[in-house]
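Overview (structure and organization)
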Amino acid sequence: MIDALVSPFAEFAFMRRALIGCLALSLSAPPIGVFLVLRRMSLMGDVMGHAILPGAAIGFLLAGMSLFAMSLGAFASGLAVALAAGLVARTTILREDASLAGFYLVSLALGVLIVSMRGSNVDLLHVLFGTVLALDDAAILLLAAIATVSLAALAVIYRPLVLECFDPQYLRSVSKLSSPTHLVFLILVVLNLVAGFQALGTLMAVGIMLLPAVAARFWSNDVSGMILVAMAMAFAASVAGLLISYYANLPTGPTIILICGVFYLLSVLVGVKGGLIWGFMPRKHLEA
């Protein structure tokens with residue numbers, strides 16, 4: 001049993017690189033997802049996951065499967081969409097969710113069109129669904145750098161970010177950190193989607209960010225507890241997904257995200273903080 005779990009990573013370098021890349025993603029993306037959930041911005045993560053596609057596609061069009069060009073284009077595109085959607089919401093009658101929906105649809109269509117102009121269907125599938133088993137040393141370094149920057153930045157803005165989740169009006173009244181904190185947080189969202197895009201593709205990157213974060217809400221009421229649970233779930237799903245895809249010959253990225261989905265469904269059912277099964281358990285007299 002132990003040999004079956006260890007041998008794929010011991011024998012094959014591409015499996016080790018995939019494991020390291022998934023570990024980096026599991027350390028940085030789920031904490032961002034936790035704050036997206038707490039700020040009721042979960043759908044924004046999905047929108048931004050598609051918003052990076054045109055930039056990545058332009059990088060692909062100009063330089064082929066270049067890590068630097070596609071990452072730079074994805075980051076610029078994602079940040080531009082986030083800022084543009086916020087500007088439209090603040091200067092027009094549209095609410096932010098409607099503004100994001102518009103940019104989401106345009107970004108997805110434009111990105112697919114750009115990739116299709118030059119690349120093959122295989123290239124398009126690589127951009128949309130990622131190639132986690134094909135991560136090279138440069139991609140690993142990029143993922144590790146983004147994870148390091150993300151964790152360091154979160155440590156710096158942690159307190160105002162938590163306060164903004166629960167009482168944004170109070171933060172605005174006592175500090176000028178609200179707007180800078182929001183901007184740094186948006187940058188971190190885009191950075192981690194760029195990292196996820198390298199391994200899981202634009203359509204799957206948001207999965208490892210949000211599914212563990214949503215599931216963690218059923219196991220802890222404390223922000224730090226949610227972050228730790230989300231990290232653990234993301235890494236466990238990554239290891240399980242890599243092993244299942246290896247032995248069952250399945251696509252790796254979708255398998256990892258499906259395992260995250262299984263953790264989410266189990267959390268909905270048996271999570272100790274509001275799971276369905278616990279809701280049907282008899283309660284003590286006068287217990288809320």
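These numbers come from a predicted model, not from an experiment.

Remarks on the nonpolar core
In terms of nonpolar packing, the biggest core is built from 73 residues, with Ile32, Phe35, Leu36, Met48, Leu193 and Leu200 touching the most fellow members. Discounting chain neighbours no more than four positions away, the residues touching leucine 193 are Gly45, Met48, Gly49, Ile52, Ala205, Val206 and Met209.

Quick word on the side chain of serine 77
If you trace the backbone, serine 77 turns up in helix H4 (residues 67–91). With a relative accessible area of 13%, serine 77 lands in the buried category. Here the side chain of serine 77 touches glycine 55 through a polar contact of 3.5 Å, landing on its backbone nitrogen. When near neighbours in sequence (up to four residues on either side) are disregarded, serine 77 contacts Ala51, Ile52, Pro54 and Gly55.

Overview of the environment of aspartate 136
With respect to the element layout, aspartate 136 can be found in the loop between helix H6 (121–129) and helix H7 (137–166). A C-alpha to C-alpha distance of 9.8 Å links aspartate 136 and leucine 67, two positions 69 residues apart in sequence.

Overview of the state of the cysteines
All chains considered together, the criterion is met by zero disulfides. Not engaged in a disulfide, the cysteine cysteine 22 finds its nearest cysteine sulfur in cysteine 260; these two sulfurs lie 9.4 Å apart.

Observations regarding the pattern of salt bridges
Evaluated as defined, the whole model comprises one salt bridge. The residue arginine 39 makes a salt bridge to glutamate 164 at a minimum N-O spacing of 2.9 Å. In this pair, arginine 39 is assigned in the loop between helix H2 (13–38) and helix H3 (42–63) and glutamate 164 in helix H7, connecting sequence segments 125 residues apart. Relative accessible area serves as the criterion here: at 15%, arginine 39 is assigned to the buried category. The class of glutamate 164 is buried, set by a relative accessible area of 8%.

Section: the side chain of serine 71
Relative to the elements of secondary structure, serine 71 occurs in helix H4. Since its relative accessible area comes to 9%, serine 71 is described here as buried. When sequence neighbours within four positions are dropped, the list of residues in contact with serine 71 reads Leu142, Val194 and Gln198.

A closer look at the packing of H2 against helix H10 (residues 205–216)
Between H2 and H10, the least distance of the axes is 7 Å, while the angle of their chain directions is 60°. Regarding the angle of H2 to H10, the classification is oblique. Seen from above, H2 lies across H10 with right-handed handedness. On H10, the residues touching Leu25, Ser26, Ala29, Pro30, Ile32, Gly33, Val34, Leu36 and Val37 of H2 are Ile208, Met209, Leu210, Ala213 and Val214. Partitioning the contact of H2 with H10 into residue classes produces twelve nonpolar, two polar and no charged.

Thoughts on H10
Of all the twelve residues making up H10, ten are buried; the element is thus mostly covered by neighbouring parts of the structure. Those residues of H10 lying buried are Ala205, Val206, Gly207, Ile208, Met209, Leu210, Pro212, Ala213, Ala215 and Ala216.

Topic: the packing of aromatic side chains
Summed over all chains, the structure comprises five aromatic pairs. An angle of 80° between the planes, with centres 6.5 Å apart, marks the rings of phenylalanine 35 and phenylalanine 185 as edge-to-face. In this pair, phenylalanine 35 is assigned in helix H2 and phenylalanine 185 in helix H9 (residues 178–200), connecting sequence segments 150 residues apart. Accessibility classification places phenylalanine 35 together with phenylalanine 185 in one group, the buried group. Ring pairs connect the aromatic residues Phe12, Phe14, Tyr246 and Tyr247, which therefore count as one cluster.

Thoughts on unusual backbone geometry
Despite not being glycine, asparagine 249 shows a phi value in the positive range, around 55°. For asparagine 249, a relative accessible area of 70% corresponds to the exposed category.

Quick word on a nonpolar patch on the surface
A grouping of Trp219, Val262, Leu266, Leu269, Val270, Val272, Leu276, Ile277, Trp278 and Phe280 is seen on the molecular surface, where their side chains present a nonpolar patch of about 950 Å² in accessible area. Breaking the nonpolar patch down by element, the ones donating at least two residues are helix H12 (252–270) and helix H13 (276–279). Per-element accounting of the nonpolar patch gives the leading share, four residues, to H12. Within the secondary structure layout, leucine 276 lies in helix H13. Classification of leucine 276 as partly exposed rests on a relative accessible area of 46%.

So, how was this worked out
- Residues numbered from 1 in each chain as written.
- Predicted model: local features only at pLDDT ≥ 70, side-chain atom pairs only at ≥ 80, totals over all residues.
- Heavy atoms only, no water.
- Core = buried A, V, L, I, M, F, W, Y, C linked by side-chain atoms within 4.5 Å.
- Buried < 20%, exposed > 50% of the residue type's maximum accessible area, 1.4 Å probe, protein only.
- Contact = heavy atoms within 4.5 Å.
- Helix = DSSP H or I, 4+ residues; strand = E, 2+ residues; numbered from the N terminus.
- Polar contact = N/O pair within 3.5 Å; in protein donor to acceptor, adjacent residues only side chain to side chain.
- Disulfide = S-S within 2.5 Å.
- Salt bridge = Lys/Arg side-chain N within 4 Å of Asp/Glu carboxyl O.
- Axes fitted to C-alpha atoms, helices over the stretch in contact; angles between N-to-C directions.
- Parallel < 35°, antiparallel > 145°, perpendicular 65-115°, else oblique.
- Left-handed = near helix turned anticlockwise from the far one by under 90°.
- Nonpolar A, V, L, I, M, F, W, Y, C, P; charged D, E, K, R; others polar.
- Phe/Tyr/Trp six-rings, centres within 6.5 Å; stacked < 30°, edge-to-face > 60°.
- Patch = residues over 30% accessible without salt bridge, like charges linked within 9 Å, V, L, I, M, F, W, Y side chains within 5 Å.
- Areas by Shrake-Rupley, 256 points an atom, 1.4 Å probe, with all protein chains shown as cover.

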